[in-house]
Each structure stands twice: as C-alpha cells, then as structure tokens.
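# Summary of structural features
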Amino acid sequence: MKELLKRLTLGSAFCCIVPLLSACGPTRVPSGLVYCSEGNPESFNPQLVTSGTTVDATSQQLYDGLVDYDAKSGEMTPSLATSWQLSEDEKVYTFELRQGVQFHQSDSFTPSRNFNADDVLFSFNRIIDTNHPYHFVSKTGYPFFQSIGFAELIDAIEKIDDYHVAFHLKHKDASFLSNLATGFAIILSKEYADQLLQSGQAELLDKQAIGTGPFRLIDYVKNDFIRYYRNPDYWRLTPEVDQLVFDITPKSTTRLAKLITGDCNISALPKAGELPVVIDKDDLEVDSLPGFNVAFWAFNTERIPLNDVRVRRALAHAVDKENILRAVYHKTAEEAVGLLPPLSWAYSANESLIDYNPEKARQLLSEAGVHDLTIDIWAMPVARIYNPNAHKTAELIQADMANIGVKVNIVNYDWSVFNQKLSQHGYDSVLIGWNADNSDPDNFFTPILSCASVGSNSNRSRWCDPAFDQILNAAKSTTDRAKRAKLYQEAEHYIAQQMPLLPFAHATRLVVKQKSVTESKLTPFGGISFTNTSASQPAAKESN
C-alpha cells in the first residue's frame, strides 16, 4: 500500500484529493510523471546549499530567478525580470520586473499580492545583510553566494518602485548577470516570510517551500519520495502533467530496475556500465548532453604533508587518468586537462598540464623528504554527474598510489554524515567535483578555489592564494572575452603549478527514460526541468 500511495494513484480516489480536478467521477485520469532521483534534498531552498541533488529537486520545479540562460544561444534571457540595463560605469544593473506573477498557494499560505520588488529585496538582502531577521535562520549559510563574495560585491539593492529594482555594485563584475542565472539565485515570497516570522516559524520558509515555479511542493518523506502538484497559475507554459513525483532511490541498479518495470518514467545518473541494458530495451532510451562539469581529487592543503606543493604534485603525477576514464566512465567522459570543459569559451585544448609520470612522482616525494606516506581518500557515497562511481575511482587511485609507495585508506560515510564531516575539514583528500551553475568561466574557479570559498566550505582544498584571487578579479573586471579567456588560462596554469586539486574528467550528462516520455529537458549545467515533460502512459497502474 505504501508503494502504491507513493506512486501515482489512478482513478476516482486520487481525483478526490487532487485540487486540480474539478470533481470526482469519470472526468479524466490525472497525468503524472515519476522521476527516480539519487538522493534527498538537503533543503527546499537552493540558496542554502551547493548540492546538485537539491538544485534538481527545487530550482526549476519550485522557483524562478530574475534571469535565465539559453544554452543554445549562449545569451541571458528574461525570467522574473523582463529586461535590464547596465549603467555606463558598469556598476549598476537596473531590472524591470514581470507583472502579474503569482506565488504558490498552500494549506498554510494564501498570497494577497503578486510578485514585486519587495520579494527581490527580501531574497537577496537575506543573504548579504547580517542584521536581516532571516539571515541566520540558515544554519548552513549561503555557500554559493559566500564563495563568489556576493556580499562584498553588492553596495546596495534599491527599490525604485514596485516593478523596478537596481543592484549597485562596488566594482565591475562581468560574471554578475551569469550568477543571477544560476539555480541558487531564486526569488522567495516576502509576504510568506513575514507570516512565518510573526508566527515564530521562520525555519519553515526553507522547508515548506513557496515559489513562483511550475510545480507546488505537496509532500516530502525522507528517503522515500517528494510529491509536487502542477501550478495551474504558472506565468509561463502550464506543466504538461498534473503531478510530479521524485522517487528517492540511491542505488543506480535499483533505479534502472524501477525504470524497466515501469515504476519510474525517467531515471537519474545511470552508470556507464548499465547503458547497454537500456539500449537493448525497445521501450527505453538514453538522453545525453556534454556537461559543464569537472571531477577532481581535492587535497586538503591545511594538512601535513599536503601543505607541501611537491607532495601534491607527486600524487597528481601518479594518477593514471586514462585508466579512470576507461574503468569508471566507459567512454561517457573525456580527460580533463584543467578545470574548464571543452564547452567553455575560455577553454584551451592544451596537453594535460600535469602528466602521468610515476617516476616524477617518486622523485618529488624524495625531494620533499616524505617516505612511507599514508593518506585517506574520502569518496562520495552517491553518484554524481561528474563522477558516477567515486568508490571505484578511489580504488583505482589507491592502486596508483601503491605504485609510488603511498598507502591509501578509502573512507566512506552515508551522504548526510559525509556532508557534515566534510564541513569539519578533517579529511586528507576527497574525490568530489563541480557541476557548473552557468556558462561563465569564472564559475569553475571562484566558487571552488577562491579565498572567499574557503569560508563557505565549497573550497574542499582549503586553499587560499591572494595571487590566484588577483587573476580571477582581473578576469571579472573586464567584459572583453579575449582578455578574460587569456586570464582564465593563466588561472589554469597557476592551478597546475600549485596543485590544490587534480581535475581528471568532464562527464557527459545522462538520463535514461521510457520512450513514451515526450521530453526531459537537459541543460549542460544547473538542474533538470520537467515543465514540458509528459508520458503517454502513467508509470504505475493501480491494483484491483
């Protein structure tokens, strides 16, 4: 019975509980979609996290931002802002806001007004103003915004009138608009927040989500499912389905089994070795797209002897990246020569800046006076776009390290404990990665390697180098693409010299789905959208 309730229930009993339908009886069977996701969201407000699992479950389902990014054209496109202007000194962005946009209604909240400038000011002032009543409601901070120095960039956010706002920057930043197009820069309801604050329930803002997006959050059972209903008042195209269910299924093999049996319409993050099974099925297919991502091995530069660049370079020289690509990715990724993927306009197809050279690795360890070294590698317990099997990757690196006389212990925790312990910085190294939030090259550097990102815990190398920050600041201070590209290549070379992390793969973004599914909108970065997705038949049929 529990499994039946979790999935789509078809028939008159279901229509009685779905407010989208006008009455019970033989009106129509409600349409629905089931997505087998890989894990639990950490929050229902993506401002508070950097997890791709959370972004998938929230950003494009529940919310909108001021601007979007069109992957085909490479241009910024309107969303809750219909247009914007940049001042002559390139330090003031003025946005005209869309009128007539409604926030979600729930059992506990009925909006009395439409979206306006107050919501924009609330959503961003919460992040940058430590005196804001909601700033410290977030126990995790605002990691993406902290990592890019957002509070230090914004001088003021001005409400001109109900439908015009201006962001005043302290200095020019060519990545500013791109950062507003990420899945983290969502707009919240100030009216809902005020209501919760008055009732002493401010923390519910990030749990019982209210947004302007295509779906409304209805129910969440940890480790089991998330249920959404269509937002019938969505200002864009109304979603194709009445109901969307995220079936939380951590194991890839179980997700594939559910897809085959029809319990899911679409499944996340298939392992490369499972793809032949999908190809052999007449009713299944693979959607793929080159990804804006990078997998890397991060060294905790605050730990001895990893604070010695010679040791970090030695470990990097010992890794056979081609072997990892063969054994883990099965031709669904390409070798990373740096952080930037080939899709980036700042990418340069240089030969790898750190080559596979075990003899060089031994030499560097000897120069550093390091012998009989033992280190831990923490491996993510869940699949990610950039690394579908971190434990297997760790085993391969473990063998590579043994080849140069370094012993490796592989450390595993379940996902919630893994995240918690990562924030305590007690690891030697970690296999992790980054899925870009926008197309700007800066997104591969500032959020994960700047000095500001150390404080936000998104810098897993714990590496802060003012000279590196100067390169990034110079790249953001100009809109000249040629100059910016040259500076980001300088940043790549600097990383290769200092080796706070070793990039090893850019993975193809994959989902597997039933052929009856009309569309599963993949983008090179950000979350997944189901607004225009439907299936010709429901994923599960009701028992008699």
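Residues numbered from 1 in each chain as written. Predicted model: local features only at pLDDT ≥ 70, side-chain atom pairs only at ≥ 80, totals over all residues. Heavy atoms only, no water.

### Re the state of the cysteines
- Going through the model one piece at a time under the given rule, you end up with two disulfides.
- A disulfide bridge connects Cys 36 with Cys 264, and the sulfur atoms are separated by 1.9 Å. Looking down the S-S bond of the Cys 36 and Cys 264 bridge, the torsion is 50°, so its handedness is right-handed. Within this pair, whereas Cys 36 is found in strand E1 (residues 32-37), its partner Cys 264 is found in the loop between helix H9 (252-261) and strand E11 (266-268), the two being separated by 228 residues in sequence. A single burial state applies to Cys 36 and to Cys 264, both of which are buried. (Disulfide = S-S within 2.5 Å. Helix = DSSP H or I, 4+ residues; strand = E, 2+ residues; numbered from the N terminus. Buried < 20%, exposed > 50% of the residue type's maximum accessible area, 1.4 Å probe, protein only.)

### Overview of the pattern of salt bridges
- One pass over the structure, following the stated rule, counts 18 salt bridges.
- Here Asp 194 and Lys 190 are joined by a salt bridge, their closest N and O atoms 2.8 Å apart. Remark: Lys 190 and Asp 194 occur in helix H8 (residues 190-198); sequence separation between them is four residues, near one turn of the helix.
- On the basis of relative accessible area, Lys 190 is assigned to the partly exposed category, the value being 29%.
- The shortest N-O distance in the salt bridge between Asp 247 and Lys 258 comes to 2.9 Å. (Salt bridge = Lys/Arg side-chain N within 4 Å of Asp/Glu carboxyl O.)

### What about empty space enclosed by the protein?
- Taken as a whole and assessed by the stated rule, the structure comprises four cavities of 30 Å³ or more.
- Of the voids in this model, the largest cavity is the one considered here, and its volume is about 110 Å³.
- For the lining of the largest cavity, the leading source of residues is strand E18 (residues 501-514), giving three residues.
- Tallied by class, residues from the lining of the largest cavity come to eight nonpolar, two polar and two charged.
- Considered as a void within the structure, the second largest cavity measures approximately 90 Å³ in volume. (1 Å grid on protein atoms, 1.4 Å probe; cavity = no way out; pocket = protein on both sides within 12 Å on 5 of 7 lines; lining within 4 Å. Points joined across faces, edges and corners; volume = space filled by probe spheres on them. Nonpolar A, V, L, I, M, F, W, Y, C, P; charged D, E, K, R; others polar.)

### A short note on helix H18 (residues 466-476)
- The set of residues buried in H18 consists of Phe 468, Asp 469, Ile 471, Leu 472, Ala 475 and Lys 476. Along the long axis of H18, the arc covered by the buried residues comes to 155°, so they all point the same way. More than 90 degrees from the buried face of H18, the exposed residues found are Pro 466 and Gln 470.
- With a side-chain oxygen positioned 2.9 Å from the backbone nitrogen of Ala 467, the residue opening H18 is Asp 465. (Arc of directions from axis to C-beta. Polar contact = N/O pair within 3.5 Å; in protein donor to acceptor, adjacent residues only side chain to side chain.)

### Re H8
- Looking only at H8, the buried set comprises Tyr 192, Ala 193 and Leu 196. The arc enclosing the buried residues of H8, seen along the axis, measures out at 100°, which places them on a common side.
- As for H8, its buried residues are in contact with helix H4 (117-128).
- By the N-cap criterion, in which a side-chain oxygen at the helix start approaches the backbone nitrogen of a residue two or three places on, H8 is capped by Ser 189, the distance to Glu 191 being 3.4 Å.
- With its phi angle positive at about 75°, Gly 200 sits one or two positions after the end of H8. (Contact = heavy atoms within 4.5 Å.)

### Observations regarding the side chain of Ser 461
- Positionally, Ser 461 belongs in the loop between helix H17 (451-455) and H18.
- Take Ser 461: its relative accessible area is 1%, and that puts it in the buried class.
- Within polar-contact distance, the side chain of Ser 461 engages the backbone oxygen of Pro 500 at 2.8 Å.
- In contact with Ser 461, not counting residues within four places along its chain, are Ala 298, Phe 299, Asn 300, Thr 301, Leu 449, Pro 500 and Leu 501.

### Re the sheet that holds strand E6 (residues 154-161)
- The four strands lie next to each other as E4-E5-E7-E6, forming an open sheet whose pairing is antiparallel. The open sheet terminates on both sides in strands that have one partner only, identified here as strand E4 (81-86) and E6. Strand-to-strand twist across the sheet, computed as the mean angle between neighbouring axes with direction ignored, equals 20°.
- Bridge analysis of E6 against strand E7 (residues 164-169) gives six bridges, and the strand direction is antiparallel. Bridging from a neighbouring strand, Lys 159 pairs with Val 165 of E7.
- Packed on one face of the sheet, H4 meets strand E5 (92-97), E6 and E7 and runs near 165° to E6. (Pairing = 2+ DSSP bridges. Axes fitted to C-alpha atoms, helices over the stretch in contact; angles between N-to-C directions.)

### What to know about the confidence of the model for the protein chain
- On average, residues of the protein chain carry a pLDDT of 91, and 93% of them reach 70 or more.
- Here residues 1-5 is modelled with pLDDT under 50, and outside its nearest four sequence neighbours on either side it reaches five contacts, counting other chains as well. (pLDDT = per-residue confidence, 0-100.)

### Let's talk about the side chain of Arg 255
- The topology assignment puts Arg 255 in helix H9.
- For Arg 255, the side chain forms a polar contact with the main-chain oxygen of Leu 269, separated by 2.9 Å.
- Setting aside anything within four residues of it in sequence, one finds Arg 255 in contact with Cys 36, Ser 37, Glu 38, Thr 249, Pro 250, Ser 267, Ala 268, Leu 269 and Ala 383.

### Details of unusual backbone geometry
- Pro 305 follows Ile 304 through a cis peptide bond whose omega is 0°.
- Mapping Pro 305 onto the fold places it in the loop between strand E13 (293-299) and helix H11 (309-317).
- Not every positive phi belongs to a glycine, and Arg 462 is a case in point at roughly 55°.
- Looking at where Arg 462 falls in the secondary structure, it is placed in the loop between H17 and H18.
- Its relative accessible area of 12% is what places Arg 462 among the buried residues.

### Section: the environment of Lys 172
- By the element assignment, Lys 172 lies in the loop between E7 and helix H7 (176-180).
- A C-alpha to C-alpha distance of 7.3 Å links Lys 172 and Lys 476, two positions 304 residues apart in sequence.

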